[in-house]
Amino acid sequence: FLKNVARNYSSITRLHSVGKSVKGRNLWVLVVGRFPKEHRIGIPEFKYVANMHGDETVGRELLLHLIEHLVTHDGKDLEITNLINSTRIHFMPSMNPDGFEAVIKPDCFYSNGRENTNFYDLNRNFPDAFEFNNVSRQPETVAVMEWLKTETFVLSANLHGGALVASYPFDNGVPATGTSHSRSLTPDDDVFQYLAYTYASRNPTMKKG
């Protein structure tokens, strides 16, 4: 799918691999934007990552559908055309392709394939801002960390399955960041609250509170 999109919409897309999984599968990233091959001053970089847990497959499918929606409506839908003109969007539909391939029946509840081939939870394999995390860095994690060094991302979203939440930085913290009040504040807390509310208010179930 990604190769077909990159071939058929080459003027607004760029497909590249940022690394390999344990089993050697590519970690594909498709860039969508008016200038997909390079950063331009004034054009913000946004990234989507999905399928970090291999058995959480809905996010992967959502990103594929979103990619298709964007590229097929460029020049036809004013809002989408403006988005492509003004933003460079990076899509990684699957951070855990090995886990995805290992899933027989996805249920988003610790099924086979949730972790990578080495049985590491990639969602807990990154450095932690508040807790010591000395787990062995996995190839998929290292690839994403190196990728982040190559782009000036200003915002990102990571899609998961299972719990119905809009979680924003950070999931943990220290008393100084508000954990005693069940919060973890950041300098951009107002922005994160706005984005989370915007998302949740458009979800029929989340809107009910």
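Residues numbered from 1 in each chain as written. Predicted model: local features only at pLDDT ≥ 70, side-chain atom pairs only at ≥ 80, totals over all residues. Heavy atoms only, no water.

Naming follows an unreviewed UniProt entry, where the protein chain appears as Carboxypeptidase M-like protein of Mustela putorius furo. Entered under Cofactor (unreviewed entry) in the UniProt record, the comment concerning the protein chain runs "Zn(2+)". (UniProt positions renumbered as here; feature names shortened; annotations may be inferred.)

Peer 1: So what exactly am I meant to see when it comes to the sheet that holds strand S2 (residues 26-32) here?
Peer 2: Backbone hydrogen bonds hold the strands of a sheet together, and the pairing may be parallel or antiparallel. The mixed open sheet is built from five strands, whose spatial order is S1-S2-S4-S3-S5. With one partner strand each, in any of the chains shown, strand S1 (13-20) and strand S5 (153-159) form the two edges of the open sheet. Within this sheet the neighbouring strands show an average axis-to-axis angle of 20°, counted without direction. Of the strand pairs in this sheet, S2 and strand S4 (residues 88-92) are connected by three bridges, and their pairing is antiparallel. Bridging across to S4, Val32 finds its partner in Ile89. Sheet strands touched by helix H5 (residues 139-148): S1, S2, strand S3 (45-50), S4 and S5. Its angle to S1, the strand with the most contacts, is close to 130°. (Pairing = 2+ DSSP bridges. Helix = DSSP H or I, 4+ residues; strand = E, 2+ residues; numbered from the N terminus. Axes fitted to C-alpha atoms, helices over the stretch in contact; angles between N-to-C directions. Contact = heavy atoms within 4.5 Å.)

Peer 1: Sorry, what's going on with a nonpolar patch on the surface here?
Peer 2: A cluster of nonpolar residues, Val191, Tyr194 and Leu195, forms a patch on the protein surface that exposes about 290 Å² of accessible area. When you line up the elements, Val191 lands in helix H6 (residues 189-200). (Patch = residues over 30% accessible without salt bridge, like charges linked within 9 Å, V, L, I, M, F, W, Y side chains within 5 Å. Areas by Shrake-Rupley, 256 points an atom, 1.4 Å probe, with all protein chains shown as cover. Salt bridge = Lys/Arg side-chain N within 4 Å of Asp/Glu carboxyl O.)

Peer 1: Before we go on, may I ask you to explain the pairing of S4 in this structure?
Peer 2: Successive side chains on a regular strand alternate, one facing one side of the sheet and the next facing the other. For S4, the buried fraction is high: five of the five residues fall into the buried class. Across the two faces of S4 the burial is the same, with Arg88, His90 and Met92 and Ile89 and Phe91 all buried. Pairing between S3 and S4: five bridges, direction parallel. Residue pairing for S4: Glu45 is matched across the bridge by Arg88. (Buried < 20%, exposed > 50% of the residue type's maximum accessible area, 1.4 Å probe, protein only.)

Peer 1: What is the right way to read the nonpolar core from this model?
Peer 2: Soluble globular proteins tend to pack their nonpolar side chains together in the buried interior. One finds Leu30, Val32, Ile67, Leu70, Ile84 and Phe91 to be the most contacted residues of the largest nonpolar core, which totals 17 residues. At the level of elements, helix H1 (2-8), S2, S3, helix H2 (58-73), helix H3 (78-86) and S4 are the ones that each hand at least two residues to this core. Excluding its chain neighbours within four sequence positions, the residues that come into contact with Val32 are Ile12, Thr13, Val71, Ile84, Thr87, Arg88, Ile89 and Phe91. Membership of the second largest hydrophobic core comes to 13 residues, among which are Leu27, Met52, Met95 and Val144. (Core = buried A, V, L, I, M, F, W, Y, C linked by side-chain atoms within 4.5 Å.)

Peer 1: Explain the packing of aromatic side chains here, please?
Peer 2: Applying the stated criterion to the full structure yields five aromatic pairs. Ring geometry for Phe130 versus Phe170: centroids 5.3 Å apart, planes at 80°, classification edge-to-face. In this pair, Phe130 sits in the loop between helix H4 (97-102) and H5 while Phe170 sits in the loop between S5 and H6, placing the two residues 40 residues apart along the sequence. Judged by relative accessible area, Phe130 falls into the partly exposed class, the value being 25%. Looking at Phe170, the relative accessible area reads 38%, which means it is partly exposed. With a centroid separation of 5.3 Å and an interplanar angle of 80°, the aromatic rings of Trp147 and Phe153 are classed as edge-to-face. Trp147 sits in the buried class, given a relative accessible area of 3%. (Phe/Tyr/Trp six-rings, centres within 6.5 Å; stacked < 30°, edge-to-face > 60°.)

Peer 1: How do you make sense of the environment of Leu2 when you look at a structure like this?
Peer 2: Here Leu2 is to be found in helix H1. Taking the C-alpha atoms as reference points, Leu2 and Lys105, separated by 103 residues in sequence, lie 24 Å from one another. Look past the residues within four positions of Leu2 in its chain and what remains in contact with it is Leu15, Trp28, Leu30, Leu64, Ile67 and Pro93.

Peer 1: Got a minute to help me understand H5 in this structure?
Peer 2: Quick reminder: α-helices carry 3.6 residues per turn. Residues three or four places apart thus point the same way. Of all the positions in H5, only Glu140, Thr141, Ala143, Val144 and Trp147 are classed as buried. Buried residues along H5 cover an arc of 160° about the axis, so they all sit on one side. On its buried face, H5 is in contact with S1, S2, S3, S4, H4 and S5. (Arc of directions from axis to C-beta.)

Peer 1: Any chance you could explain the side chain of Asn203 here in plain terms?
Peer 2: As for its placement among the helices and strands, Asn203 is situated in the loop between H6 and helix H7 (204-207). A distance of 3.0 Å separates the side chain of Asn203 from the backbone nitrogen of Thr205, its partner in a polar contact. Among the polar contacts listed, one links the side chain of Asn203 to the backbone nitrogen of Met206, at a separation of 3.0 Å. (Polar contact = N/O pair within 3.5 Å; in protein donor to acceptor, adjacent residues only side chain to side chain.)

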